[in-house]
Structures are given as C-alpha cells and as structure tokens.
Amino acid sequence: MGHAAEISVFVSILIVNLIVMYCINQVQQSPYMDEIFHIRQAKHYCHGNFTVWDPMITTLPGLYLVTVGILKPFILLLGVDTACSVAGLRLVNILFQAGTFYVLRAIYKTIHSTPQADNKEADKVALVTAITLTFFPLLHFFTFLYYTDPGSTFFVLLMYLFHLHGNKTLAAFMGGMSILFRQTNIVWVIFMAGLSAADVIQDWMNNHAHVKKKDKTQQAPLTDGQTFQSFLKLLFGDFKHAPQKLLRLIGCVIVQCLYYIIIMVLFGLFVHLNKGIVVGDRSQHEACLNFPQIFYFVSFTVLFLGPYMIRPGRIINFILFSVNHLTLTAGFLAISYALVNKYTYVHLYLISDNRHYTFYVWSKIYERLPQIRLNVRFVSWKELALEVLIYFTVNVFTIYMFIAKPFKWGDNVDLQRFMW
C-alpha cells in the first residue's frame with residue numbers, strides 16, 4: 001500500500017480516537033480513579049515543581065516527565081492550566097497510541113519480511129495487523145485516560161523494534177524509558193538480553209565443527225528443544241575439556257548484552273537503595289510468587305488469539321498428545337493444581353472494587369473454582385477479520401459501559417464507571 005493510503009488510515013484512527021475521547025471527556029470531565037493521582041502529579045511537573053511527590057503513586061515519574069516534554073510548547077503558548085488540563089493530559093496517550101501504530105507496523109514487517117514475499121500483499125497485512133493490535137482492548141481503553149499503560153507499551157515495543165534492527169544501545173535506552181513508566185518492564189529488558197544471548201549461542205553453535213557437520217544432514221532447522229539439547233552436549237562435552245571456549249562464549253554474550261546488563265544493574269541498584277521495587281504507597285503492592293498469573297495470562301491469550309489458536313485440528317492434536325502422554329499430562333495437572341492451591345494470592349482491590357471487569361471475572365469464574373501476537377505469522381484474512389471483530393466488539397462494549405452505564409456507591413455523590 002502507498003504512503004497516501006497509510007496516512008489516510010492513520011488520520012482515520014486519529015479521528016476515531018479523538019471522537020471517543022471527546023465523548024469520554026463530556027461525561028467524565030474530572031480525573032477518574034488513578035487519574036486523580038497521576039493528573040495531580042503531572043500538574044506539579046507542569047508548574048516546574050519537580051521535588052513534589054504524591055506518596056500514593058507507586059510508579060516512577062516517566063509519564064510526567066515525558067508529558068512535560070511533549071506539552072512544553074503548548075504550556076508556553078496556552079498557559080499551564082489549559083495545556084495541562086484533564087483533557088490536555090489525556091491527549092498525551094492519544095499521541096502514544098499513534099506512535100504505537102507505526103512501531104507495530106514496523107515490527108511486523110521486520111519479523112515477517114522475506115525476499116520471496118509479495119511486497120504489496122505483505123504491506124497490506126502489516127498495515128491491517130498494526131491497525132488491529134492498536135485497537136487491542138486493554139491498550140485501546142486506557143488510551144482515553146491519563147494512565148501509564150499506553151506510554152509503557154510504546155517504549156517496550158520501541159525497544160523490541162530497535163533490538164530487531166540490531167541497535168542494542170537505543171533498545172536498552174528505550175527499555176530504561178519503559179521502566180520509568182512501569183518498574184515491571186525490567187522483565188522485558190531481561191527478555192531482550194535473553195534474545196541477544198540466544199542469538200550469540202546459536203551463531204556460535206552454527207560455527208562449531210560438530211554442529212556444522214550435523215546440520216549438513218539435517219533436512220529442517222533445529223527446534224528450540226533440539227538446539228538446547230545440542231548446547232548441553234557441547235557444554236558438558238567440549239567445554240569440559242576446553243574451558244577457555246566456554247569463557248570465550250560467555251565473553252561474547254556479555255559484549256552483546258552489555259547495554260541491557262547496564263540497565264539491569266542500574267535497576268538492581270535502584271531496588272537496593274529504594275528497599276523494594278515500588279515507590280510511594282507499598283501497603284497494597286508487595287512482591288510475591290504468584291504462579292497462577294501464568295494461567296491467567298494463558299487464558300487471556302487464548303481468548304484474544306482465539307482465531308489463530310483455537311482450530312479443530314489443533315484441538316484434536318492436543319487431545320491426542322494428552323492421551324498418548326498420560327504421565328506427562330498427569331504430572332502437569334498435579335503441578336498446576338499444587339501451584340494454584342499454594343500460590344494464589346487475592347489482592348484486596350480485586351475483591352473490593354466492582355468498577356473493574358477483573359472483579360467479575362474473579363468472583364464469577366476463578367473464585368468459584370478453587371480446585372504476543374506480533375510474532376504470529378499471517379495465515380489468512382479470515383483469522384485476521386475474526387480477530388478484528390473480537391477486538392471491535394470488546395472495545396465497543398467497554399467504552400459504551402464506561403460512558404453510558406455509570407452507577408453510584410451508597411452516599412458517594414460521584415458517579416462510578418466500569419473499566420478494565
């Protein structure tokens with residue numbers, strides 16, 4: 001698709017988002033829920049009061065610093081009160097979503113571009129995929145409120161894009177920026193370091209004499225499991241008799257991961273000096289081993305990637321695999337049950353705040369049962385259309401509920417609204 005078509009799509013998305021934001025601003029002109037803390041803090045920064053900190057905020061000041069940087073020309077032109085109004089601050093996330101659209105498109109093209117591919121068709125798929133993921137329900141909903149989610153997602157994806165292009169310096173910098181929005185983004189920095197380390201190890205194995213010899217007779221590339229097994233054989237074989245080779249490999253890994261390691265060391269220093277990950281109010285934000293989060297993530301992924309994952313053939317293959325590997329299946333179920341039984345932690349906000357959809361998911365489903373998409377290759381337009389339909393339906397429902405179905409809490413005069 002040509003640049004004119006891409007610009008038309010971009011402008012259309014922007015107009016739709018501005019219309020939705022206008023509707024939301026009309027019914028919710030004052031800060032809502034966590035916006036109360038975020039907007040109050042942002043206004044301090046807009047006025048140049050960088051030493052003031054709201055103790056109720058648990059994340060680092062990345063959102064407010066970037067906001068001031070974006071809005072500074074408007075502050076000078078229109079004044080602080082206008083530029084940093086509730087509506088003005090919410091507009092910052094519209095800009096983040098616009099940037100996310102282009103980053104998503106660039107990532108998809110980088111991952112899936114091949115010399116044999118039809119460029120026009122590939123561009124069309126990349127564009128539609130970027131549009132679809134830009135409207136991913138959780139991300140899209142918080143585009144219209146002054147929350148950290150859109151900015152956090154933008155910088156994580158930008159880190160991934162620079163990593164794919166081999167620019168580890170900028171990738172690590174963007175990873176650091178993402179941590180300033182959400183401390184938990186350190187996980188994605190570690191993930192990028194892991195990808196870099198895996199690339200170094202894979203290149204080393206491809207240049208290793210034994211692996212080269214094996215690859216000549218191999219009809220298909222090694223799977224991740226086969227690669228890992230081969231590496232272990234080399235680790236306890238050649239490296240055992242020639243430890244200098246292992247040291248050389250470790251050195252190569254450190255060099256390739258150096259900038260990510262710097263970010264991780266700085267984050268570790270922050271945690272040490274701060275005596276924890278959370279800043280501000282820590283009473284309801286404590287680190288714990290919550291293994292069921294993995295199962296929540298899987299459930300969430302299956303729901304929104306249903307068009308690609310839930311197919312008759314795959315379901316049948318899964319059943320056959322489970323039946324043919326009963327010991328493995330039984331072991332997995334036993335471990336899963338033990339993890340759920342011992343490590344399920346129910347956050348106070350989850351069971352006490354009925355403005356969140358997670359409240360209903362927990363109370364109606366999980367509580368009654370005590371016992372990433374960019375890498376998905378294009379299959380057909382049917383799956384993509386179904387994914388768009390799912391996202392569209394969820395977005396229409398959640399935004400409609402937020403705008404049109406407010407409710408009251410007892411004697412509280414403020415209207416409450418449903419949200420993620």
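Thresholds applied
Residues numbered from 1 in each chain as written. Predicted model: local features only at pLDDT ≥ 70, side-chain atom pairs only at ≥ 80, totals over all residues. Heavy atoms only, no water. Helix = DSSP H or I, 4+ residues; strand = E, 2+ residues; numbered from the N terminus. Buried < 20%, exposed > 50% of the residue type's maximum accessible area, 1.4 Å probe, protein only. Areas by Shrake-Rupley, 256 points an atom, 1.4 Å probe, with all protein chains shown as cover. Contact = heavy atoms within 4.5 Å. pLDDT = per-residue confidence, 0-100. Expected span 1.5 Å × (residues − 1). Disulfide = S-S within 2.5 Å. Salt bridge = Lys/Arg side-chain N within 4 Å of Asp/Glu carboxyl O. Axes fitted to C-alpha atoms, helices over the stretch in contact; angles between N-to-C directions. Parallel < 35°, antiparallel > 145°, perpendicular 65-115°, else oblique. Left-handed = near helix turned anticlockwise from the far one by under 90°. Phe/Tyr/Trp six-rings, centres within 6.5 Å; stacked < 30°, edge-to-face > 60°. Lys NZ or Arg CZ within 6 Å of the ring centre and 35° of its normal. Patch = residues over 30% accessible without salt bridge, like charges linked within 9 Å, V, L, I, M, F, W, Y side chains within 5 Å.

Draft legend 1. The overall build of the protein, seen in detail. For the protein, the helix and strand inventory stands at 22 helices and two strands. Here the protein holds 420 residues, and 38% of them are scored as buried. As displayed, the protein offers around 24000 Å² of accessible surface, 68% of which is attributable to carbon and sulfur atoms.

Draft legend 2. Main features of the environment of Ile399. By the secondary structure assignment, Ile399 is in helix H22 (residues 381-404). If sequence neighbours within four positions are ignored, Ile399 has contacts with Val20, His140, Phe141 and Phe144.

Draft legend 3. How the structure looks around the confidence of the model for the protein. For the protein, per-residue confidence averages 81 on the pLDDT scale, and residues scoring 70 or more make up 80% of the total. Here residues 349-354 is a poorly scored stretch, pLDDT under 50, and it has 17 contacts once near neighbours within four places are set aside; other chains count. Across residues 356-371 the pLDDT falls below 50, and counting only partners more than four positions away or on other chains, this stretch makes 30 contacts in the model.

Draft legend 4. View of helix H10 (residues 186-207). With 22 residues, H10 extends 32 Å between its outermost C-alpha atoms, agreeing within 8% with the 32 Å of an ideal straight helix rising 1.5 Å per residue. Regarding H10, the residues found buried are Ile186, Val189, Met192, Ala193, Ser196, Ala197, Val200 and Met205.

Draft legend 5. Main features of the state of the cysteines. For the coordinates displayed, the defined rule picks out one disulfide. Disulfide pairing places Cys46 opposite Cys84 at an S-S distance of 2.1 Å. On the sign convention where negative means left-handed, the S-S torsion of about -85 degrees between Cys46 and Cys84 marks this disulfide as left-handed. Of the two residues, Cys46 sits in helix H2 (residues 35-46) while Cys84 sits in the loop between helix H4 (80-83) and helix H5 (86-112), which places them 38 residues apart along the sequence. The class for Cys46 is buried, based on a relative accessible area of 6%. Relative accessible area serves as the criterion here: at 2%, Cys84 is assigned to the buried category.

Draft legend 6. Region of the structure containing the pattern of salt bridges. Enumeration over the complete set of coordinates arrives at four salt bridges. For Glu35, the salt bridge identified is with Arg90, shortest N-O distance 2.7 Å. Here Glu35 is found in helix H2, whereas its partner Arg90 is found in helix H5, with 55 residues between them in sequence. Residue classification places Arg90 among the buried positions, given a relative accessible area of 0%. Put simply, Asp123 and Lys109 hold a salt bridge, and the shortest N to O gap is 3.0 Å. Taken as a pair, Asp123 in helix H6 (residues 119-134) and Lys109 in helix H5 lie far apart in primary sequence, 14 residues in all. Its relative accessible area of 18% is what places Asp123 among the buried residues.

Draft legend 7. Summary view of the packing of H6 against H22. Between H6 and H22, the shortest axis-to-axis distance is 10 Å and the interhelical angle comes to 20 degrees. Here H6 lies roughly parallel to H22, going by the angle between them. Crossing geometry of H6 relative to H22 is assigned as left-handed. Between H6 and H22, the residues in contact are Glu121, Lys124, Val125, Val128, Thr129, Thr132 and Leu133 and Trp381, Leu384, Glu387, Val388 and Tyr391, respectively.

Draft legend 8. Seen up close, the environment of Met264. Note that Met264 resides in helix H15 (residues 258-274). According to the relative accessible area criterion, Met264 is partly exposed, its value standing at 26%. For the pair formed by Met264 and Ile186, sequence separation is 78 residues and the distance between their alpha carbons is 7.2 Å. Here Met264 is in contact with Ile186, Val189, Ile190 and Ala193, once residues within four sequence places are set aside.

Draft legend 9. The arrangement of unusual backbone geometry in detail. One non-glycine residue with positive phi stands out, namely Met33, at about 50 degrees. Secondary-structure assignment places Met33 in the loop between helix H1 (3-27) and H2. Although it is not a glycine, Lys275 sits at a positive phi angle of roughly 60 degrees. Structurally, the position occupied by Lys275 is in the loop between H15 and helix H16 (292-304).

Draft legend 10. Summary view of the packing of aromatic side chains. One pass over the structure, following the stated rule, counts 18 aromatic pairs. Seen in terms of ring centroids, Phe101 and Tyr102 are 5.1 Å apart; in terms of plane orientation they differ by 75 degrees. Their pairing is edge-to-face. For Phe101, a relative accessible area of 2% translates into the label buried. Consider the rings of Phe136 and Tyr391, whose centres lie 5.4 Å apart with planes at 80 degrees: the pair is edge-to-face. Note on accessibility: Phe136 and Tyr391 belong to one class, buried. The rings of Tyr32, Phe141, Phe142, Tyr147 and Phe402 are connected pair by pair, giving a single aromatic cluster. Here the guanidinium or amino end of Arg417 rests over the ring plane of Phe402, the centre of that ring lying 5.7 Å away.

Draft legend 11. The arrangement of helix H9 (residues 168-181) in detail. If you check H9, its first and last C-alpha atoms are 20 Å apart, about what 14 residues at 1.5 Å a residue would give, namely 20 Å. Burial within H9 is extensive, with 10 of its 14 residues counted as buried. All buried positions along H9 are accounted for by Lys168, Ala171, Ala172, Met174, Gly175, Gly176, Met177, Ser178, Ile179 and Phe181. In this structure, the buried residues of H9 make contact with helix H3 (62-78), H5, helix H8 (149-164), H10, helix H14 (243-256) and H15.

Draft legend 12. Just a nonpolar patch on the surface, in detail. The grouping of Leu247, Ile250, Ile254, Leu258, Tyr259, Ile262, Leu266, Leu269 and Leu273 at the surface amounts to a nonpolar patch, some 850 Å² of accessible area in total. Among the secondary structure elements, those contributing two or more residues to the nonpolar patch are H14 and H15. Sorting elements by how many residues they give to the nonpolar patch places H15 first, with six residues. With respect to the element layout, Ile250 can be found in helix H14. Of the residues examined, Ile250 reaches a relative accessible area of 40% and is grouped as partly exposed.

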